[in-house]
Amino acid sequence: MSAQDSLWAWGDGLATITDSGKILDCWFPEPKLGRVPADRDWYVAPKALADEAHEDPRRGVRLHPLVVESDLSAPVQSTQDAYLRLHLLSHLLVKPHGQNLTGLWDHLPANAWTDLGPMDAEEISTRLPALRRGGVQVYAIDKLPRLLDYLVPKGVRIADGGRVRLGAYLSPGTIVMHEGFVNCNAGTLGPSIIEGRLSQGIVIGAHTDIGGGASVMGMVATDSPQRVLIGERSLIGANAGVGFGLGDDCVVEAGLYVTAGTKVTVVAEQRNVKAGELAGVPNLLFRRNSLTGAVEVFSRNG
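Residues numbered from 1 in each chain as written. Predicted model: local features only at pLDDT ≥ 70, side-chain atom pairs only at ≥ 80, totals over all residues. Heavy atoms only, no water.

### Here we look at the packing of aromatic side chains
One pass over the structure, following the stated rule, counts two aromatic pairs. With a centroid separation of 6.1 Å and an interplanar angle of 35 degrees, the aromatic rings of Tyr83 and Tyr150 are classed as tilted. With Tyr83 in helix α2 (residues 79-90) and Tyr150 in the loop between β8 (138-142) and β9 (157-158), this pair connects stretches of sequence that are 67 residues apart. Of the two residues, Tyr83 and Tyr150, both sit in the buried class. Its end group placed over the ring of Trp10, Lys32 keeps NZ or CZ at 5.2 Å from the ring centre. Sitting above the plane of the Trp8 ring, Arg35 keeps its charged end 3.7 Å from the centroid. (Phe/Tyr/Trp six-rings, centres within 6.5 Å; stacked < 30°, edge-to-face > 60°. Helix = DSSP H or I, 4+ residues; strand = E, 2+ residues; numbered from the N terminus. Buried < 20%, exposed > 50% of the residue type's maximum accessible area, 1.4 Å probe, protein only. Lys NZ or Arg CZ within 6 Å of the ring centre and 35° of its normal.)

### A look at the pairing of strand β26 (residues 295-299)
Relative to β26, strand β23 (residues 263-266) runs parallel, the two being bridged by three bridges. Considered in β26, the bridge of Thr265 is made with Glu296. Here five bridges tie strand β25 (residues 284-288) to β26, and the two strands are oriented antiparallel to one another. Paired with Leu285 across the strands is Phe298, a residue of β26. In textbook terms, the turn of a hairpin is the stretch between consecutive antiparallel strands, and for β25 and β26 this stretch comprises six residues, one of which, Gly293, has a positive phi near 85 degrees. (Pairing = 2+ DSSP bridges.)

### Topic: the layout of surface pockets
Its boundaries defined by the atoms lining it, the largest pocket holds a volume of some 290 Å³. Lining the largest pocket we find 17 residues, and of these Asp25, Leu116, Gly117, Pro118 and Asp149 sit closest to its centre. Elements with a contribution of two residues or more to the lining of the largest pocket: β1 (8-18), β2 (23-27), β6 (111-114) and β7 (117-119). For the lining of the largest pocket, the residue count by class is eight nonpolar, four polar and five charged. (1 Å grid on protein atoms, 1.4 Å probe; cavity = no way out; pocket = protein on both sides within 12 Å on 5 of 7 lines; lining within 4 Å. Points joined across faces, edges and corners; volume = space filled by probe spheres on them. Nonpolar A, V, L, I, M, F, W, Y, C, P; charged D, E, K, R; others polar.)

### Observations regarding unusual backbone geometry
One non-glycine residue, Leu92, lies in the positive phi region at around 65 degrees. Along the polypeptide, Leu92 turns up in the loop between α2 and β6. Positive phi is not limited to glycine here, since Asn283 has a value of about 60 degrees. Tracing the backbone through its elements, the reader meets Asn283 in the loop between β24 (271-274) and β25.

### A few points about the sheet that holds strand β19 (residues 235-236)
With mixed pairing, 10 strands are arranged side by side in an open sheet as β9-β10-β13-β16-β19-β21-β25-β26-β23-β24. Among the strands making up the open sheet, the edge pair consists of β9 and β24. Where strand β21 (residues 251-252) lies against β25, two bridges are found, and the strand directions are parallel. Bridging from a neighbouring strand, Val251 pairs with Leu285 of β25.

### What about the environment of Val182?
Among the structural elements, Val182 can be located in strand β11 (residues 181-182). Contact partners of Val182, with chain neighbours within four places excluded, come to Arg163, Val164, Arg165, Ala168, Leu170, Val176, Gly187, Ile194 and Leu198. (Contact = heavy atoms within 4.5 Å.)

### Let's talk about the sheet that holds β6
The three strands lie next to each other as β7-β6-β8, forming an open sheet whose pairing is antiparallel. In this open sheet, the two edge strands, each paired with only one partner strand, are β7 and β8. On average, adjacent strands in this sheet sit at an angle of 30 degrees to one another, irrespective of strand direction. Here β6 runs beside β8; their pairing, made up of four bridges, is antiparallel. Bridge pairing in β8 links Trp113 to Ala140. (Axes fitted to C-alpha atoms, helices over the stretch in contact; angles between N-to-C directions.)

Okay, structure coming up:
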């Protein structure tokens, strides 16, 4: 595969399409990097997907196979393009921030999600009685679905499937506890424990622990230039949080929330700086002085 081809991806998918022709989602079991092979017939779907094609009158949709090719350096072009890029993340083919996600939210419809799959949210009111009679549950109205409805990442534990969205990048060895949350274009670069929240765009290094109730501030916009990386072997304590990147082997004590603009005292140097100026510096301990209330930073080992 040439360097130019590496900017592309493609996949055979199964789209959910309403009676009016609106595409609600697209499932890609085996997305691939590169261009669609020259000998690939665009009009003949793999048998496994062709066999899944059917109509579901309960939801007012049909499932139809298609093939999608995406230029990952260009903005998102369609719903099926958006879903392919989300699959690339969750299949660990592209790392967070490794593709252009400009326009992602514009091309993701806010679907009504049922235990049978998505349906048009505008039709819920008219179809709800029939769905209830059929025992079909509507569990969410959202733009992003649950990761586990599309793939099961290898070597990963997810205690509550509703708290990990499609597009999360979860490396083998990752554990997402019951109150953990991982958004799209966020995730882990190695074995990690997530008991808190990883917002869009947040990446944490191997053997890092995001404590219970802890949070790492991210950006809502997928095209934001801001990058927040939490290094390896770091700990953000329970109910703590940060709004900037940490280096390797750093600790933020429980209950302490430090934003990039928080004034902190570097104890060894007796100087005050904004916490964001320490982004990426390894071996730091952030804690609050219980007597003065000042946020202090100490050097640490191990």
